Amino acid sequence: MPDLLIELFSEEIPARMQKRAGEDLQKLVTNGLVEAGLTYGSAAVFTTPRRLTLALGDMLAASPRQVEERKGPKADAPEKAIEGFLRGAGLTRDQLEERDTPKGKVLFAKIEKPGRPAAEIVAEVLEHTIRNFPWPKSMRWGTGSLKWVRPLHSILCIISDEAGAEVVPLTVDGITAGNTTRGHRFLAPDEIEVTGFEDYQSKLARASVVLDPAARADTIWHDATNMAFAAGLEVVEDAGLLAEVAGLVEYPVVLMGRIGEDFLGLPPEVLQTSMKEHQKFFSVRNPKSGQIERFITVANRTTADDGATILAGNEKVLGARLSDAKFFWDNDLRSVTTGAGMETWVKALENVTFHNKLGTQAELIDRMATLSRELAPLVGADADEAEQAARVAKADLSSEMVYEFPELQGLMGSYYARKAGMSDAVADAAKDHYAPLGPSDDVPTAPVSIAVALAEKIDKLTGFWAIDEKPTGSKDPFALRRAALGVIRILVENDVSLSLNDVLDQSAEIVGDRDAGRADTADIVGFIHDRLKVYLRDQGIRHDVIDACIAMKGSDDLTLLVKRARALSETLKTDDGENLIQGFKRANNILSQAEEADGVEYSFGADPKFAETEAEKDLFAALDKAEAKITPAMAAQDFSTAMAAMAELRGPIDAFFEAVQVNAENPTVRRNRLNLLSRIRTICSAVADLTKLDG
């Protein structure tokens, strides 16, 4: 079976677009071929800055012959109806077949579609793919009408088998497909003729082109880490930068340069951010001091001087960039160490709008400071430190460094707070109060940082709820889902127990004092519970288990709620736990039906002296034993012990239902047994609302 090789060769494709472009090329081509009846055995896609390559193996040489059967009108239908059917089928009257059906004789047509050669199908599919390629941005060039991300130079499209290679006849906007490509722009720019994928890959390798982006990334990382290790240093890991740089070169050559002595005193994060954002350099640090001392750059070619000229140019450009950073750093330090310090920056935020309905950044800071003081005793923080930390946490938004590098906000605030003589707790809170920004980020763990981070997120939730800017569908412009998940993770992962209702009410009052309206805090708790379901579902806890725990009193304490849900989830994984639920539901159903029929509530008065069977007596004893364990365990918030005690009821409950008829003829015995079922419901419901469980 033949193989197909496609290469679209162009000017440099932006690195950020390459991966998606490769995926789109494979999807569009393979879907088009399969829809036309041309299947294949394997597919692989490769990208470099100048080419998108798709290789298909074991493709059919032609699409199979197809026979389509169409049901037509009745045999005695009007001639015009039959003629219309014949025109649509492309057949004559004698080619139709009459069949007997329950509705009489009906005409049927068999339409045969002959198979088509692979080259014909590939040409159609590839032309459609090129003309309709979903680039995020594209351009026209010259006098043609074709749009591509950068000018498209050539199309390589060949079908190869044991007999040789066939060029697919295809011309798109004046570009005719062929069997040639080109190697590295500088090291091997001449035309290369290829006969198949293996020949193509090996010839490109000899022409200084590493086709596979993963191989380029591996080469860069291997050479960079070895070079740094030889100098007693280490490369700062950055997977995103590595992928981007691998998309900038076809033949990676790793070079290590020096950072000027004047700049080594800058914070490591400033050096790293400046080099990454502006130069695409990897940072190289001293593992002993943590200081970034050198950089790794990746060239796209070898040179006679082993990259000395390239490094000299990069070091010169880097020096200019870092001179700006040092200027900002020095100016910021003068601001925080003289005069009013960071208070001047905070005052400047009176002129910076946070939201037109929620006031300025300075007003946000006031709200955060007030709420942080309220939260401090709940999380074990000093109230004065928490308030001070909240007041300076966003001060660095006025700094020159953050104006130049917005991604350093918070982090620079921690440096400036220390330079201003503030405590480590206050400085750390400035750095940590935005966290967590993503599901894999670490959460703040220091008490002051916890207080300020919670205040920032809770104020955001109550504020935007107050002005009716809640998330809708997939739209969440103010990242309120992320804020809710942040509240959940901070509380749960730090084992902080507090009433979310009370805290949200306090925050709503603070926001309301500034004429923004009053937030529906019950709605916010529901929103947070919805995010909690997603958080726990990712940890393998069923939605109905979470619902059973949310239904309990005190479910606004997220930490206790999660402990309860985890304990119930583990209990339900045991045979006793799962079977107990069935017993509970049976008891609850019988009891509910009896209460509805009798018009009374059976909620007390079960007495062992009316027990007639051993199974009844055993259940009384088991319930007494379970209640003696569950009550103190729940008071101590020891959910695991309470759940285990509940699961031990499985055996006695099963035995009771096997041996006892609840609706006995004796009304006293019947009432006693129903009250006994009520005890089952009451004791089990103290742990969780088991009626919410599926099954």
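Here goes a summary of the coordinates provided.

Criteria and cut-off values
- Residues numbered from 1 in each chain as written.
- Predicted model: local features only at pLDDT ≥ 70, side-chain atom pairs only at ≥ 80, totals over all residues.
- Heavy atoms only, no water.
- Helix = DSSP H or I, 4+ residues; strand = E, 2+ residues; numbered from the N terminus.
- Rg over C-alpha atoms; globule rule 2.2 N^0.38 Å.
- Buried < 20%, exposed > 50% of the residue type's maximum accessible area, 1.4 Å probe, protein only.
- Contact = heavy atoms within 4.5 Å.
- Areas by Shrake-Rupley, 256 points an atom, 1.4 Å probe, with all protein chains shown as cover.
- Lys, Arg positive; Asp, Glu negative; His and termini not counted.
- Charge placed at Lys NZ, Arg CZ, Asp CG, Glu CD.
- Pairing = 2+ DSSP bridges.
- Axes fitted to C-alpha atoms, helices over the stretch in contact; angles between N-to-C directions.
- Parallel < 35°, antiparallel > 145°, perpendicular 65-115°, else oblique.
- Left-handed = near helix turned anticlockwise from the far one by under 90°.
- Phe/Tyr/Trp six-rings, centres within 6.5 Å; stacked < 30°, edge-to-face > 60°.
- Core = buried A, V, L, I, M, F, W, Y, C linked by side-chain atoms within 4.5 Å.
- Arc of directions from axis to C-beta.

### So, the overall build of the protein chain
Secondary structure assignment for the protein chain yields 25 helices and 18 strands. The C-alpha atoms of the protein chain give a radius of gyration of 36 Å, which is well past the 26 Å a tight globule of 695 residues would have. Viewed in the frame of its principal axes, the protein chain has a C-alpha envelope of about 100 × 100 × 50 Å. Counting the 695 residues in the protein chain, one finds 49% classified as buried. Within the protein chain, contacts between residues separated by at least 24 positions form 68% of all contacts whose residues are at least 6 apart in sequence. Working note: accessible area of the protein chain is about 33,100 Å², and carbon and sulfur atoms make up 48% of it. For the protein chain, the separation between the mean place of its 80 positive charges and that of its 109 negative charges on side chains is 3 Å.

### Examining the sheet that holds strand E1 (residues 3-10)
One open sheet accounts for five strands, arranged E2-E3-E1-E7-E8; its pairing is antiparallel. The open sheet terminates on both sides in strands that have one partner only, identified here as strand E2 (42-48) and strand E8 (164-167). In this sheet, neighbouring strand axes are inclined to one another by 15° on average, regardless of whether the strands run parallel or antiparallel. Across seven bridges, E2 lies against strand E3 (residues 51-57) in antiparallel orientation. Its bridge partner being in E3, Thr47 is matched across the sheet by Leu52. Where helix H4 (residues 197-206) meets the sheet, its contacts fall on E1, E2, E3 and strand E7 (152-161), and the angle it forms with E3 comes to roughly 145°.

### Concerning the packing of helix H10 (residues 361-379) against helix H15 (residues 447-466)
At their nearest, the axes of H10 and H15 sit 8 Å apart, and the two run at 130° to each other. With respect to each other, H10 and H15 are oriented oblique. For the crossing formed where H10 meets H15, the hand is right-handed. Each of Leu364, Arg367, Met368, Leu371, Ser372, Leu375, Ala376 and Val379 in H10 lies in contact with H15, whose residues at this interface are Pro447, Ile450, Ala451, Val452, Leu454, Ala455, Glu456, Ile458 and Asp459.

### Considerations on the sheet that holds strand E4 (residues 66-74)
What the three strands build is an open sheet, ordered E4-E6-E5; its pairing is antiparallel. With one partner strand each, in any of the chains shown, E4 and strand E5 (97-101) form the two edges of the open sheet. For this sheet, the mean inter-axis angle between neighbouring strands, taken without regard to orientation, is 35°. With five bridges joining them, E5 and strand E6 (residues 104-113) adopt antiparallel strand pairing. Bridge pairing in E6 places Thr101 opposite Gly104. Helix-sheet contacts for helix H2 (residues 79-89) involve E4 and E6, and the interaxial angle to E4 is about 170°.

### Some remarks on the packing of aromatic side chains
Per the stated rule, a full pass over the model turns up 14 aromatic pairs. Measuring from ring centre to ring centre gives 5.2 Å for Trp135 and Trp148, while their planes differ by 80°; the resulting arrangement is edge-to-face. Of this pair, Trp135 sits in the loop between helix H3 (118-131) and E7 while Trp148 sits in the loop between H3 and E7, and the two are 13 residues apart along the sequence. Residue Trp135 is classed as buried on the basis of its relative accessible area of 9%. Relative to Tyr415, the ring of Trp329 lies with its centre 6.1 Å away and its plane at 90°, an arrangement referred to as edge-to-face. Of this pair, Trp329 sits in helix H8 (residues 308-337) while Tyr415 sits in helix H13 (residues 411-419), and the two are 86 residues apart along the sequence. An aromatic cluster is built from Trp329, Trp345, Tyr415 and Tyr416, whose rings are joined through pairwise contacts.

### Focus on the nonpolar core
Formed by 143 residues in total, the largest nonpolar core has its most connected members in Ile259 and Leu568. No other element matches H15, which puts 12 residues into this core. Each residue touching Ile259, except ones within four places of it in the same chain, is listed here: Leu264, Leu271, Met275, Ile292, Glu293, Arg294, Phe295, Leu318 and Leu322. Counting 36 residues, the second-largest nonpolar core is a separate cluster that includes Leu54, Leu56, Ala118 and Val172.

### Regarding helix H6 (residues 239-246)
Along H6, the positions that sit buried rather than exposed are Leu241, Leu242, Val245 and Ala246. Projected down its long axis, H6 shows its buried positions confined to an angular sector of 130°, all on one face. Along H6, the residues that are exposed and aim more than 90 degrees away from the buried face are Ala239, Gly240 and Ala243. As for H6, its buried residues are in contact with helix H5 (213-230), helix H7 (268-279), strand E15 (282-285) and strand E16 (292-299).

### Describing the side chain of Ser10
Within the secondary structure, Ser10 sits in strand E1. The exposure class of Ser10 is buried, given its relative accessible area of 0%. Once residues within four sequence positions are removed from consideration, Ser10 is found in contact with Arg50, Trp148, Arg150, Pro151, Leu152 and His153.

That's the geometry; what it means functionally is another story.
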